[in-house]
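# Observations on the three-dimensional arrangement
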Amino acid sequence: MRYQVRYVRDIKSWAVVDTKVGDRVIQLHDEKNGAHDAAWREEERWYKCSPAQGGEAA
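Residues numbered from 1 in each chain as written. Predicted model: local features only at pLDDT ≥ 70, side-chain atom pairs only at ≥ 80, totals over all residues. Heavy atoms only, no water.

### Re a nonpolar patch on the surface
- Taken together, the side chains of Ile11, Val25 and Leu28 make up a nonpolar region of the molecular surface, amounting to roughly 270 Å² of accessible area.
- By the secondary structure assignment, Ile11 is in the loop between β1 (3–8) and β2 (13–18). (Patch = residues over 30% accessible without salt bridge, like charges linked within 9 Å, V, L, I, M, F, W, Y side chains within 5 Å. Areas by Shrake-Rupley, 256 points an atom, 1.4 Å probe, with all protein chains shown as cover. Salt bridge = Lys/Arg side-chain N within 4 Å of Asp/Glu carboxyl O. Helix = DSSP H or I, 4+ residues; strand = E, 2+ residues; numbered from the N terminus.)

### Considering the pairing of strand β3 (residues 24–29)
- Where β2 and β3 come together, five bridges link them in antiparallel fashion. Residue pairing for β3: Trp14 is matched across the bridge by His29.
- Taking the residues between adjacent antiparallel strands as the criterion, β2 and β3 are bridged by five residues, where Gly22 takes a positive phi near 65 degrees. (Pairing = 2+ DSSP bridges.)

### What about the pattern of salt bridges?
- Summed over all chains, the structure comprises three salt bridges.
- A salt bridge links Arg2 to Asp18; the nearest nitrogen and oxygen atoms lie 2.8 Å apart. Here Arg2 is found in the segment before β1, whereas its partner Asp18 is found in strand β2, with 16 residues between them in sequence.
- In this structure, Arg6 and Asp23 form a salt bridge, with 3.5 Å as the shortest nitrogen-oxygen distance. A residue pair is termed long-range when its members are at least 10 positions apart, and Arg6 in strand β1 and Asp23 in the loop between β2 and β3 qualify at 17 residues.
- Arg6 sits in the partly exposed class, given a relative accessible area of 32%. (Buried < 20%, exposed > 50% of the residue type's maximum accessible area, 1.4 Å probe, protein only.)

### Looking at the side chain of His29
- On the secondary structure map, His29 appears in strand β3.
- In terms of polar contacts, His29 uses its side chain to reach the side chain of Gln27, at 2.8 Å.
- Residues in contact with His29, not counting those within four places in the same chain, are Ser13, Trp14, Val16, Gly34, Ala35 and Ala38. (Polar contact = N/O pair within 3.5 Å; in protein donor to acceptor, adjacent residues only side chain to side chain. Contact = heavy atoms within 4.5 Å.)

### Notes on the pairing of β1
- In this structure, β1 lies alongside β2, joined through six bridges in antiparallel fashion. Bridging across to β2, Tyr7 finds its partner in Trp14.
- Two successive antiparallel strands, β1 and β2, enclose a turn made up of four residues, where Lys12 displays a positive phi of approximately 50 degrees.

Right, here's the structure in full:
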């Protein structure tokens, strides 16, 4: 999975991290469930916007 959720103790927030771009933080959330939902939405958005591998659709 490209997008992961991590807890950042220094700021007491859940971060949605893009692991393919050097662990770039793209969102912060107060609750773990909200961060997981956001990571899932980003993952779905990325797959819909990216061309299929090998030039063929599934």
